[in-house]
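Examination of the molecular architecture
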Amino acid sequence: PLKSASGISLSSFRYDQVGPKYDRRWVVCGSDGKTRTMRVYPKMVHIKPKIENDSLILDAPGMESLHLPLDPDYAEDQIQSISHFRSCGSAIDTGDAVADWITRYINEAGVNLRIFR
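A brief look at the structure comes next.

So, on to the environment of isoleucine 92. Tracing the backbone through its elements, the reader meets isoleucine 92 in strand 9 (residues 87-92). The sequence separation of isoleucine 92 and proline 1 amounts to 91 residues, and the corresponding C-alpha distance is 15 Å.

Looking now at the sheet that holds strand 5 (residues 48-52). In spatial order, the strands read 5-6-7; together these 3 strands make up an open sheet with antiparallel pairing. The open sheet has two edge strands with one neighbour each: strand 5 and strand 7 (66-69). Adjacent strand axes in the sheet meet at a mean angle of 25°, parallel and antiparallel pairs treated alike. Note: strand 5 against strand 6 (residues 55-59), 5 bridges, orientation antiparallel. Across the sheet, residue isoleucine 51 finds its bridge partner in strand 6, namely leucine 56.

The relative placement of two aromatic rings is captured by the distance of their centres and the angle of their planes. For the structure on display, the rule yields 1 aromatic pair. With a centroid separation of 6.3 Å and an interplanar angle of 25°, the aromatic rings of tryptophan 101 and tyrosine 105 are classed as stacked. Taken as a pair, tryptophan 101 and tyrosine 105 lie in helix 1 (residues 96-106) at a separation of 4 residues, close to a single helical turn. The same class applies to tryptophan 101 as to tyrosine 105, namely buried.

So, on to the nonpolar core. In a soluble, globular protein the nonpolar side chains are often hidden away together inside. Of all hydrophobic cores here, the largest spans 22 residues; its most connected members are Leu2, Ile47, Leu58, Trp101, Ile102 and Ile115. Among the elements of the structure, strand 6, strand 7, helix 1 and strand 10 (113-116) are those that each provide at least two residues to this core. Among residues more than four places away in sequence, those in contact with isoleucine 102 are Val28, Ile47, Leu113, Arg114 and Ile115. In this structure, Val27, Ile82, Ala91 and Phe116 belong to the second largest nonpolar core, which totals 5 residues.

Each value, and the rule that gives it
The residue numbering used here restarts from 1 in each chain and proceeds along that chain's sequence as written. Under the rules for a predicted model, residues below a pLDDT of 70 receive no local features and side-chain atom pairs below 80 are neither given nor counted, while totals for whole chains, interfaces and linings still include all residues. Only heavy atoms go into the side-chain values, all of them from the structure, while hydrogens and water stay out. Counting from the N terminus, the helices are DSSP H or I runs at least four residues long and the strands are E runs at least two residues long. Pairs of strands are assigned from DSSP output, requiring at least two bridges between the strands. Interaxial angle, 0 to 180 degrees, is taken between N-to-C directions of lines fitted to C-alpha atoms, where a helix line uses only the stretch in contact. We call Phe, Tyr and Trp rings a pair once their centres come within 6.5 Å, taking the six-membered ring for Trp, and we label the pair stacked below 30 degrees between planes, edge-to-face above 60, and tilted otherwise. Note on classification: 1.4 Å probe, protein chains only; a residue is buried when its accessible area is under 20% of the maximum for its type, exposed when over 50%, partly exposed between these limits. We define a nonpolar core as any set of buried Ala, Val, Leu, Ile, Met, Phe, Trp, Tyr and Cys residues linked to one another through side-chain atoms lying within 4.5 Å. The contact rule is simple, with two residues in contact once any of their heavy atoms fall within 4.5 Å.

Printed below as a string of structure tokens:
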């Protein structure tokens, strides 16, 4: 579900209009809106996602579990422009508590990261 995190083993899955439901629907971005992947932050591969009930749960070594709603309500001011390599689009900022979690996990000086859906 989170780009560059560990994958999930599934016996089956549902499709929606853009592909496998919840597949890589969350992405880590810097304050510049550009995506960050395990190419830049190899620690991301140790983030273990799982889907339970109506939540995406992220676990990482030394961190408390982070729970994100699968289908969140959001305000217009949470929508921001992001870019992934040469593609641009809009995404929902998942908030300051989530940004704090990913920034603390990556733990690199001067880095301010956010997770977008």
